[in-house]
Amino acid sequence: MVQRRTFLKSAGAAGALGLTAGCIGNFGEQAYGDGKIKFLMSPTEPQDQMMAQYQPVKERLNSYIDSVDTVDAKYAANYSATLTAMNSGTADVAETGPFAAALGVNTDKADIILQRHAYGSWTYRSVIVTREDSDIERLSDLEGKTVALADALSASGSLYPLYMLKQAGLSIPDSPGSEKGADFTPNWSSHASAKQALLNDQADAAGVGYFIVRGEDSEYVDGVRELDTRKNIPRAPLIVSPTLSDEEKTKITEAFTTAPDSMYYGEDGEKGTEDDIWFDGVRKRGVDTYQPVIDMANELGYGEDVFKS
């Protein structure tokens, strides 16, 4: 059983971000015990792309756990919807972001079982980028401008960009997901949508995880340049529903930790193709690994009342 520690003091910390039933559609009753595992993907990349990436994960869970006949993968509306589903037992396992997962543990909505590895590291980075042809040279130039961000509960696409903007002397929103109190106009969506908003000239800058703007032959994709960055964010975890038994949680954990490399090769089963999943390994970890992310939220002043309307 994952050991819980209280990071954010408010027991109802997720209220204003829509932690209500139905955000991800009708998943029915929790059904792991009836031969079905429900797996949720967070909206970090386009849905079709993620479905292809996670096809081998579905197959791995199905083949490894004898009592499972079906693995039903769904694309969640946002991190909040994921936590709602985990809490209600209408989803069993999910991939999500560091802050959302830690918040889920703190509010008894989820348990962290694994940390993911990618690009040679257990950590990653958050960036604020603008267009190459923009006249914005520093973060302070974003006063009065529009900044596209990922999900409000995203570490690399919300918390860390807000921290960078605050350090640059700008006032940040009173809470993630709100515009109130900010010196700029924040637009929350997803990593992919924030990137497109920037490239389509619908935003002056974007605060996202570096992975979404990472170039193949250069540091950044064409048309993007960096304004600021923060490194060493613990890479995103995999979480399970607290409604599962310890035995069920253990089986899901083992399905990942003992998986062959082919689980990461995507729907076509070939390494190095477009549908490869973004991570290449996992290790057992709990909520303590994500303490730095919670420290960041506390430093921003997003504490006891952060998610209250």
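Throughout what follows, the structure given in this document is the object of discussion. Computed from a predicted structure; not experimentally measured. (Residues numbered from 1 in each chain as written. Predicted model: local features only at pLDDT ≥ 70, side-chain atom pairs only at ≥ 80, totals over all residues. Heavy atoms only, no water.)

1. Structural notes on a negative patch on the surface
A grouping of Glu132, Glu216, Asp217, Asp222 and Glu274 is seen on the molecular surface, where their side chains present a negatively charged patch. Mapped onto the fold, glutamate 274 is located in the loop between α7 (246–257) and β11 (281–284). (Patch = residues over 30% accessible without salt bridge, like charges linked within 9 Å, V, L, I, M, F, W, Y side chains within 5 Å. Areas by Shrake-Rupley, 256 points an atom, 1.4 Å probe, with all protein chains shown as cover. Salt bridge = Lys/Arg side-chain N within 4 Å of Asp/Glu carboxyl O. Lys, Arg positive; Asp, Glu negative; His and termini not counted. Charge placed at Lys NZ, Arg CZ, Asp CG, Glu CD. Helix = DSSP H or I, 4+ residues; strand = E, 2+ residues; numbered from the N terminus.)

2. Some words on the layout of surface pockets
For the largest pocket, the calculated volume is near 1,200 Å³. Elements supplying a minimum of two residues to the lining of the largest pocket: α1 (47–53), α5 (155–167) and α6 (191–199). Considering each element in turn, the lining of the largest pocket owes the most residues, 4 residues, to α1. Of the residues assigned to the lining of the largest pocket, the class counts are 18 nonpolar, 11 polar and 14 charged. Mapped onto the domain boundaries, the lining of the largest pocket takes at least three residues apiece from domain 1 (36–120 + 236–307) and domain 2 (123–234). (1 Å grid on protein atoms, 1.4 Å probe; cavity = no way out; pocket = protein on both sides within 12 Å on 5 of 7 lines; lining within 4 Å. Points joined across faces, edges and corners; volume = space filled by probe spheres on them. Nonpolar A, V, L, I, M, F, W, Y, C, P; charged D, E, K, R; others polar. Domains from an automatic or database assignment.)

3. Some points on the nonpolar core
Judged by nonpolar contacts, the single largest core of 45 residues is most densely connected at Phe99, Ile128, Leu142, Leu159, Leu165, Ile239 and Leu300. Taken together, the elements giving at least two residues each to this core come down to α3 (79–88), α4 (98–106), β5 (123–131), β6 (146–149), α5, β9 (224–234) and α8 (291–299). With 7 residues, the top contributor of residues to this core is α5. If you count residues domain by domain, this core takes at least three from each of domain 1 (36–120 + 236–307) and domain 2 (123–234). (Core = buried A, V, L, I, M, F, W, Y, C linked by side-chain atoms within 4.5 Å. Buried < 20%, exposed > 50% of the residue type's maximum accessible area, 1.4 Å probe, protein only.)

4. Let's talk about the side chain of threonine 130
Considering the arrangement of structural elements, one finds threonine 130 in strand β5. A polar contact of 2.8 Å, which involves the side chain of threonine 130, links it to the backbone oxygen of aspartate 204. (Polar contact = N/O pair within 3.5 Å; in protein donor to acceptor, adjacent residues only side chain to side chain.)

5. A look at the sheet that holds β5
Within the open sheet, the 5 strands sit side by side as β7-β6-β8-β5-β9. Their pairing is mixed. The open sheet is flanked by β7 (185–188) and β9, the only strands paired with a single partner. Each strand of the sheet is rotated relative to its neighbour by a mean of 20 degrees, with strand direction disregarded. Sheet topology places β6 next to β7; 4 bridges connect them, and they run parallel. Considered in β7, the bridge of valine 147 is made with proline 186. (Pairing = 2+ DSSP bridges. Axes fitted to C-alpha atoms, helices over the stretch in contact; angles between N-to-C directions.)

6. Brief notes about the sheet that holds strand β1 (residues 36–41)
Taken together, 6 strands build an open sheet; the order of strands is β2-β1-β3-β10-β4-β11 and the sheet is mixed. The strands lining the two open edges of the sheet, one partner per strand, are β2 (70–75) and β11. Each strand of the sheet is rotated relative to its neighbour by a mean of 25 degrees, with strand direction disregarded. Where strand β4 (residues 111–117) lies against β11, 4 bridges are found, and the strand directions are antiparallel. Residue pairing across strands places histidine 117 opposite glycine 281, the latter belonging to β11. Strand contacts of α4: β4 and β10 (237–240), with the helix running at about 160 degrees to β4, the strand carrying the most contacts. (Contact = heavy atoms within 4.5 Å.)

7. Comments concerning unusual backbone geometry
Non-glycine residue aspartate 108 carries a positive phi angle of around 60 degrees. Within the fold, aspartate 108 resides in the loop between α4 and β4. With relative accessibility at 43%, the residue aspartate 108 sits in the partly exposed group. The backbone phi angle of tyrosine 119 is positive, close to 50 degrees, even though this residue is not glycine. If you trace the backbone, tyrosine 119 turns up in the loop between β4 and β5. By relative accessible area, tyrosine 119 is classed as partly exposed at 44%.

8. Focus: the packing of aromatic side chains
Considering all chains together, one arrives at 5 aromatic pairs under this definition. Where tryptophan 278 meets phenylalanine 279, the ring centres are 5.2 Å apart and the plane angle is 65 degrees; that geometry is what we call edge-to-face. With relative accessibility at 1%, the residue phenylalanine 279 sits in the buried group. Three or more aromatic residues joined by ring pairs form one cluster here, namely Phe39, Tyr54, Tyr264, Trp278 and Phe279. One Lys or Arg, arginine 125, reaches over the ring of tyrosine 210 and ends 3.8 Å from the middle of that ring. (Phe/Tyr/Trp six-rings, centres within 6.5 Å; stacked < 30°, edge-to-face > 60°. Lys NZ or Arg CZ within 6 Å of the ring centre and 35° of its normal.)

9. As for α6
Where α6 is concerned, the buried positions are His191, Ala192, Ala194, Lys195, Ala197 and Leu198. Against α3, β5, β6, α5, β8 (205–209) and β9 lie the buried residues of α6. Directly beyond the C-terminal end of α6, a positive phi value near 65 degrees is found at aspartate 201.

On their own, these measurements won't tell you what the molecule is for.
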